[in-house]
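Here's the letter readout for the chains.
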Amino acid sequence: MNNRPYLPAFFLLLSLVALSCLSIYLLRPPQALAADAPAADFSAARAMRHVSVIAREPHAIGTPAHEQVRKYLLAELNKLNIPTQVQATVVSNAALRRSAMAYVQNVVGVIKGSGQGKAVLVMAHYDSQPNTFGAGDDGAGVAALLETARALRSGPPLRNDVIFLLTDGEEFGLFGARAFLRHPLAKNIGVVINLEGRGNSGPSLTFEISPENGWLVAQFSKAAPFPLASSLMYEIYRRLPNDTDFSVFRQAGYSGLNSAFIDGYVHYHKLTDRPENLNPNSLQHHGSNTLGLVRQLGNISLQHTKAPDKIFFNPIGKWFIQYPASYNIFWLLITGCAVLALLVIGKMEKAFSIWQLSKGFVFYILMVILVAGLFIILNQGVVKAMPFHRFINGVYGADLFSLAYVLIALGLFLLLSHLVLKFTSIWGLSAGTILFIFAQGVAVYLTVPAAAYILLFPVLFFCLGGIVVLLLGWGQPFDFKNAGALLLGFLPALFLLVPLALLTLVSFALQLPIVPILVLLLLWGLGLPLLHTIIAHLFPGSTAIVPLLLLFSGGLLTGWAIYAEKYNEKQPMHSEVGYYLDADKEKAFWASGYTTPDYWNKQFFSQPKLGPLTEIFPVGTQTFLKNPAPVIQAPGPIAEVILDTIYRGHRTLKLQLRSVRQAAHLQIFLLTRNETAMIGASINGEKINNPKKPVAGGYLLSTMLFGLPSSKQLELKVQLQQTESLRLFLYDRSIGLPDALIKIKRPADVIPEQGLNSNITVIKKSYVF
């Protein structure tokens, strides 16, 4: 008679799957409230009405749609009897990554408090990227601010002022936030709340809290009805090449919080980021937390908002744990003692020998390296199978790719462990794995202490569960005591590492899938005894069948995911092309930053060449796919002399720069014959801070100016040595291609690629003064 406990093992497997799903399910955003929700509550339905107006069309800085959005915001704030103003100025962001400038028009509204304390600043940006409707980024944030303002107006006044800042020019360089630091209201800010969007769905994650966060973390825990945050999120975020408006305030020393939803990354900065694709539950989460925080922070003193850092995270769903960062050393010591106890008891109970432990340590490292290496190769193959996929765009079938990759990774891991167990015991491999992961925890504690909890707690509880199992008698017939102890010890790892793997899968997609796979390898390494128990009792004598089935299933799903990624109206292809015209020489070019044309933009590249656009720009380093284009009759940008004077050996030249065709941006190159010929230059009084670069013919000072006032004109002031002349290369940049030159109109399954050089018309004029 076969007495093998299939049913308990099967129940254990179902429990693992169910708990993994539960850890993900509990991260879902709250249900959106209807339009008839109580006036004091935040309602996503009411906020969605704002999104439908704000994201009616692309509204990049400097465009007519951008101006219409600004007028709408002013009107909505005025309806709430909130005093408003527009802060219009030219600002530079040379301190940040891009050496550029912008003419910004920030919308500012203030709800006065009953006291005299510092103010709460709530912030979102109202400009979009050029080729997106901007529902998620950042129409949702703006709408959340408007609905928060309405909810606050429905109740009694708060103690502190609440400043609503709708910044301009965020997309091209955080310009509006930088400009607001000069505003008189900036001097009285106690705390900053910023809302962002890196997709169109998922929970609102508070992924950044300013340094010395102890006080803010405590307030966040009290006030946010759905707090999802962790000290690990910020450690991941600050290592990525990303910034938001909050970065400007954090660098200036302000305290605050930064929140965003990040699922649906494939729609980020795309024409598919429309109101109908925005998840209202995500908007509800954004708004509910914001309203709760503003009410909490608006009624307490904001004089002292900094305190020693805390470690904080969600162990399960919205359950929020926080403790002083100084406690980390105690958790490290306790976990170290638990690891030592497991090793000693395991050796005493003869679950493994020192030699088996050593082999287990080395084997686990080799398993991780092999799985990671194979995955890098696999992902490269997947990307090559989709010739027009670009990492910056994500994939439409992110969930399908994620499931496929998880199955393949788990299959590889179990197959390798099946082979490794021929040379060591299960507990030898498990103990070696624990020792390695604990060593990683120590390394993380020494380098990134805010993230150490993610390894220490899973190791600690697994060791406790393992000790119980070893003392109960490992190797005895299967019973629920062993299974229960293993499962309970594994739960913290499950609830901490599965959501982390999901977060990194959503964040990186096919860009860097190795990161979530490494997280899962940690999880599966801790779960080795549990996984081995399940497989050994469900498939006695044929344990290799499980990893083979997983590999086969993962391979099929990968093929399906690649096939399902085919472009259609709901999953459009991203295509880049721009039109560049030298109005002086009457020469024009089509250009794309991608060297392989797609089925739609190939109409522009019948005789393509690769190289920089030196036919248009005085200097170029980026390689373009370029092709001669027909010349359109369109006016170039105008530079007219306002003032040209000489005083004490210096020549001052003032020029009025104007876009006749109402373009959105200007690009400026100033060329002099040597480095000292030009003393300096400014636009509307804002200095061009970029360094001069040596080029053929002299020295070049350049800048990009994003956004223009309604008059489409600005003042350029240049100071030169008395006898020096100036050569000006002036470009105006508008969004959209010349319709008359497009033979095959863009079909429904093709949308413009994201970015500054996609779907644009650039016209150049040269001047000598």
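Note: the structure precedes this text.
Just so it is clear, the model here is predicted, and its values are computed rather than measured.

### Things to note about the pairing of strand 3 (residues 119-125)
Of all seven residues making up strand 3, seven are buried, and the element is well covered by its neighbours. With burial as the criterion, each face of strand 3 is covered, one bearing Ala119, Leu121, Met123 and His125 and the other bearing Val120, Val122 and Ala124. Pairing analysis gives five bridges linking strand 3 to strand 5 (residues 189-197), with the strands arranged parallel. Bridging from a neighbouring strand, Val120 pairs with Val191 of strand 5. Relative to strand 4 (residues 162-167), strand 3 runs parallel, the two being bridged by six bridges. Following the sheet pairing, His125 is matched in strand 4 by Thr167.

### Overview of the side chain of Ser23
For Ser23, the location among the structural elements is in helix 1 (residues 6-25). For Ser23, a relative accessible area of 2% corresponds to the buried category. Within polar-contact distance, the side chain of Ser23 engages the backbone oxygen of Ser20 at 2.6 Å. Once residues within four sequence positions are removed from consideration, Ser23 is found in contact with Leu494, Phe495, Val498 and Pro499.

### A closer look at the packing of aromatic side chains
Under the criterion given, the structure shown has 29 aromatic pairs. Taken together, a centroid distance of 6.2 Å and an interplanar angle of 45 degrees make the contact between Phe363 and Phe423 tilted. With Phe363 in helix 11 (residues 354-384) and Phe423 in the loop between helix 12 (398-420) and helix 13 (426-447), the pair connects residues that are 60 residues apart, well separated along the chain. With a centroid separation of 5.3 Å and an interplanar angle of 75 degrees, the aromatic rings of Trp600 and Phe604 are classed as edge-to-face. Residue Phe604 is classed as buried on the basis of its relative accessible area, which comes to 3%. Over the ring of Tyr265 we find Lys270, and its NZ or CZ is 5.8 Å from the ring centre. The aromatic ring of Tyr594 is capped on one face by Arg390, whose charged end is 3.6 Å from the ring centroid.

### Some thoughts on the packing of helix 2 (residues 44-54) against helix 4 (residues 135-153)
Running from N to C, helix 2 and helix 4 cross one another at 135 degrees; their axes reach a closest spacing of 8 Å. Between helix 2 and helix 4, the angle is such that the two are oblique. The element helix 2 and its partner helix 4 pack so that their crossing is right-handed. The segment helix 2 lies against helix 4, with Arg46, Ala47, His50, Val51 and Ile54 engaging Ala135, Gly139, Ala140, Val142, Ala143, Leu146, Glu147 and Arg150. Looking at the contact of helix 2 with helix 4, its residues break down into eight nonpolar, two polar and three charged.

### Details of unusual backbone geometry
Glycine aside, negative phi is the norm for most residues, and most peptide bonds take the trans geometry. Between Asp137 and Asp138 the backbone carries a cis peptide bond, its omega angle lying at 0 degrees. You can see Asp138 is positioned in helix 4. Despite not being glycine, Arg648 shows a phi value in the positive range, around 55 degrees. Residue Arg648 is classed as exposed on the basis of its relative accessible area of 72%.

What counts, and where the lines are drawn
Residues numbered from 1 in each chain as written. Predicted model: local features only at pLDDT ≥ 70, side-chain atom pairs only at ≥ 80, totals over all residues. Heavy atoms only, no water. Buried < 20%, exposed > 50% of the residue type's maximum accessible area, 1.4 Å probe, protein only. Helix = DSSP H or I, 4+ residues; strand = E, 2+ residues; numbered from the N terminus. Pairing = 2+ DSSP bridges. Polar contact = N/O pair within 3.5 Å; in protein donor to acceptor, adjacent residues only side chain to side chain. Contact = heavy atoms within 4.5 Å. Phe/Tyr/Trp six-rings, centres within 6.5 Å; stacked < 30°, edge-to-face > 60°. Lys NZ or Arg CZ within 6 Å of the ring centre and 35° of its normal. Axes fitted to C-alpha atoms, helices over the stretch in contact; angles between N-to-C directions. Parallel < 35°, antiparallel > 145°, perpendicular 65-115°, else oblique. Left-handed = near helix turned anticlockwise from the far one by under 90°. Nonpolar A, V, L, I, M, F, W, Y, C, P; charged D, E, K, R; others polar.

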